[in-house]
Amino acid sequence: MSSSRNKIITLLVVLGFIAFLAWSTLQSQGVECQVCVQFNGRDNCASASGPGDAEAAETAHNTACGPVTYGMDDAIACNNKPPASKTCRRR
């Protein structure tokens, strides 16, 4: 009986730890932004979340530039160009 009780306690501790990790991860992602870019005649939009507007928008901008660029030079140029649109909201 003691062995099954220890297994249950261990399972509850593990589940509690997983729940804590999920909660703490979601808490730090308080803002979600959608950014659209236009680069070399191509358009793309992407969404990302982060702790603040700047971080979420930067990540979304970098992600949106990926499919419309070819190589590092294009990626840098796209990331330095202002987005065509940007919408952020608190989660």
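Calculation rules
- Residues numbered from 1 in each chain as written.
- Predicted model: local features only at pLDDT ≥ 70, side-chain atom pairs only at ≥ 80, totals over all residues.
- Heavy atoms only, no water.
- Helix = DSSP H or I, 4+ residues; strand = E, 2+ residues; numbered from the N terminus.
- Rg over C-alpha atoms; globule rule 2.2 N^0.38 Å.
- Buried < 20%, exposed > 50% of the residue type's maximum accessible area, 1.4 Å probe, protein only.
- Contact = heavy atoms within 4.5 Å.
- Areas by Shrake-Rupley, 256 points an atom, 1.4 Å probe, with all protein chains shown as cover.
- Lys, Arg positive; Asp, Glu negative; His and termini not counted.
- Charge placed at Lys NZ, Arg CZ, Asp CG, Glu CD.
- Pairing = 2+ DSSP bridges.
- Axes fitted to C-alpha atoms, helices over the stretch in contact; angles between N-to-C directions.
- Salt bridge = Lys/Arg side-chain N within 4 Å of Asp/Glu carboxyl O.

J.: Account for the overall build of the protein chain, naming residues and giving values.
T.: Summing up its helical and strand segments, the protein chain has three helices and three strands in all. Seen in sequence order, the protein chain has helices and strands lined up from the N terminus as α-β-β-α-α-β. Over its C-alpha trace the protein chain gives a radius of gyration of 20 Å, far above what one expects of a compact globule, namely 12 Å for 91 residues. For the protein chain, the proportion of its 91 residues judged to be buried stands at 23%. When contacts within the protein chain are restricted to residue pairs at least 6 apart in sequence, long-range pairs at least 24 apart make up 50% of them. Surface summary for the protein chain: the accessible area is close to 6,400 Å², and the carbon and sulfur share equals 59%. Positive and negative side-chain charges in the protein chain, numbering 8 and 7 respectively, have mean positions lying 16 Å apart.

J.: Now, about the sheet that holds strand E1 (residues 31–39): what can you tell me, with residues and values included?
T.: Each strand in a sheet pairs with another by means of backbone hydrogen bonds, the pair being arranged parallel or else antiparallel. Taken together, the three strands give an open sheet; going across it, the order is E2-E1-E3, and neighbouring strands pair in antiparallel fashion. Sheet topology places strand E2 (42–50) and strand E3 (85–90) at the edges, where each strand pairs with a single neighbour. Looking at each pair of strands side by side, their axes are set apart by 10° on average, direction ignored. Both E1 and E2 contribute to a ladder of nine bridges, which runs antiparallel. By the bridge assignment, Val35 is partnered in E2 with Ala46. The strands touched by helix H2 (residues 53–65) are E1, E2 and E3; relative to E1, the strand with the most contacts, the crossing angle is about 35°.

J.: Which residues make up the pattern of salt bridges, and what are the values?
T.: Under the definition given, this model contains one salt bridge. Notably, a salt bridge pairs Glu32 with Arg89, separated by 2.9 Å at the nearest N-O pair. Of this pair, Glu32 sits in strand E1 while Arg89 sits in strand E3, placing them 57 residues apart in sequence.

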